[in-house]
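Residues per chain, in single letters:
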Amino acid sequence: EAGVAQSPRYKIIEKRQSVAFWCNPISGHATLYWYQQILGQGPKLLIQFQNNGVVDDSQLPKDRFSAERLKGVDSTLKIQPAKLEDSAVYLCASSLDATGAGTLHFGNGTRLTVT
Amino acid sequence: TQLLEQSPQFLSIQEGENLTVYCNSSSVFSSLQWYRQEPGEGPVLLVTVVTGGEVKKLKRLTFQFGDARKDSSLHITAAQPGDTGLYLCAGGHNNDMRFGAGTRLTVKP
């Protein structure tokens, strides 16, 4: 089966600019996650979708970050305006299981550098 | 504050040595997973443990879930350079997975 697809692979922007990341999960996976992984740290959950509804966005900085999952398939994550501390790898993952015990299938991430 | 504390943060050993890395929390988890992440890639699942006291073996890797389901360990026997990577534990928490900061393992030939 095709894996989780993410684009772009790399992005360099200046602070205060906007950026968007795209994720296409594995076909049939109802649950989609966005994680932020800062260098040297583990992935931090930003938002979790079940189909096109938000399950958990408690750690999403909502003043600058937004995410949507239209039609319960693809998802986009947007940052507007970006700050230096947003430099990180943004990982998208999908799972067939919504109970928290299922396998998370990750994409290769988008590496964002904010200068 | 990390929900899951992993130790050691870094580990550098010679090929053929054994090692153990740890994942600890004050919280009880419904399940715990171990992932391995290589540079430029996303984490890949190694194992899921769900029962307190459970032990799972995957070739040279042995995973143990604590009796109270708050901690876990990963033991690697006769490490090889191909085992090099970032080892992450993740706990099932309110229907989502929260990750530790990881142990970065380097196995030198």
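Residues numbered from 1 in each chain as written. Chains lettered and ligands numbered in written order. Predicted model: local features only at pLDDT ≥ 70, side-chain atom pairs only at ≥ 80, totals over all residues. Heavy atoms only, no water.

A. Seen up close, the interface of chain B and chain A. In this assembly, 20 residues from chain B lie in contact with 24 residues from chain A. Both faces considered, chain B and chain A share a buried interface measuring about 1,600 Å² in area, 45% of it formed by carbon and sulfur atoms. Our count for the contact surface shared by chain B and chain A stands at 1 salt bridge. Linking Arg98 of chain B and Asp56 of chain A is a salt bridge whose minimum nitrogen-to-oxygen distance equals 3.0 Å. Contributions of two or more residues to the side of chain B that touches chain A are made by strand 4 (32-37), strand 5 (44-49), strand 9 (85-93) and strand 10 (96-99) of chain B. When residues in the side of chain B that touches chain A are grouped by element, the largest group, 4 residues, is from strand 10 of chain B. Partitioned by chemical class, the residues of the side of chain B that touches chain A number 8 nonpolar, 9 polar and 3 charged. (Contact = heavy atoms within 4.5 Å. Buried area = accessible area lost by both parts, 1.4 Å probe. Salt bridge = Lys/Arg side-chain N within 4 Å of Asp/Glu carboxyl O. Helix = DSSP H or I, 4+ residues; strand = E, 2+ residues; numbered from the N terminus. Nonpolar A, V, L, I, M, F, W, Y, C, P; charged D, E, K, R; others polar.)

B. Structural detail: the pairing of strand 11 (residues 103-108) of chain B. Residue and element names in this part refer to chain B. Residue alternation in strand 11 divides its side chains into a buried set, Thr103, Leu105 and Val107, and an unburied set, Arg104, Thr106 and Lys108. Here 5 bridges tie strand 2 (residues 10-14) to strand 11, and the two strands are oriented parallel to one another. Following the sheet pairing, Phe10 is matched in strand 11 by Arg104. (Buried < 20%, exposed > 50% of the residue type's maximum accessible area, 1.4 Å probe, protein only. Pairing = 2+ DSSP bridges.)

C. A look at the packing of aromatic side chains. Going through the model one piece at a time under the given rule, you end up with 8 aromatic pairs over all chains. Seen from their ring centres, Tyr35 of chain B and Phe99 of chain B are 5.5 Å apart, and the 55° between their planes marks the pair as tilted. Of this pair, Tyr35 of chain B sits in strand 4 while Phe99 of chain B sits in strand 10, and the two are 64 residues apart along the sequence. The residues Tyr35 of chain B and Phe99 of chain B share a single accessibility class, namely buried. An aromatic cluster of at least three residues, connected via ring pairs, comprises Tyr33, Tyr35 and Phe106 of chain A together with Tyr35 and Phe99 of chain B. (Phe/Tyr/Trp six-rings, centres within 6.5 Å; stacked < 30°, edge-to-face > 60°.)

D. Molecular detail of the sheet that holds strand 3 (residues 19-24) of chain A. Residue and element names in this part refer to chain A. Read across the sheet, 4 strands follow the order 1-3-8-7 without closing on themselves; strand pairing throughout is antiparallel. Each having just a single partner strand, strand 1 (5-7) and strand 7 (65-68) make up the two edges of the open sheet. Averaged over all neighbouring strand pairs, the angle between strand axes comes to 15°, with direction disregarded. As judged from the 5 bridges shared by strand 3 and strand 8 (residues 75-79), these two strands associate in the antiparallel manner. The residue of strand 8 that forms the bridge with Cys23 is Ser75. (Axes fitted to C-alpha atoms, helices over the stretch in contact; angles between N-to-C directions.)

E. Local environment of the state of the cysteines. Residue and element names in this part refer to chain B. Under the defined criterion, the tally for this structure stands at 2 disulfides over all chains. One disulfide bridge connects Cys23 with Cys89, the sulfur atoms lying 2.0 Å from each other. Between Cys23 and Cys89, the S-S torsion sits near 75°, and that sign places the bridge as right-handed. Of this pair, Cys23 sits in strand 3 (residues 19-24) while Cys89 sits in strand 9, and the two are 66 residues apart along the sequence. In this structure Cys89 comes out as buried when scored by relative accessible area, which is 0%. (Disulfide = S-S within 2.5 Å.)

F. Layout of the pattern of salt bridges. In the structure shown here, the tally under the stated rule is 6 salt bridges over all chains. The partner of Asp86 of chain A in a salt bridge is Arg64 of chain A, and the shortest N-O contact between them spans 2.5 Å. Pair noted here: Asp86 of chain A is in the loop between strand 8 and strand 9 (88-95) and Arg64 of chain A is in the loop between strand 6 (53-56) and strand 7, with a separation of 22 residues, a long-range link. Per residue, the accessibility class of Asp86 of chain A equals that of Arg64 of chain A, and both read buried. Among the ionic pairs, Arg60 of chain B bridges to Asp83 of chain B, the shortest N-O distance being 2.9 Å. Taken together, the residues span a long stretch of sequence, with Arg60 of chain B in the loop between strand 6 (55-58) and strand 7 (61-65) and Asp83 of chain B in the loop between strand 8 (71-76) and strand 9 at a distance of 23 residues. Since its relative accessible area comes to 24%, Arg60 of chain B is described here as partly exposed. Asp83 of chain B sits in the buried class, given a relative accessible area of 7%.

Fair warning: the whole summary comes from geometry, so function is off the table for now.
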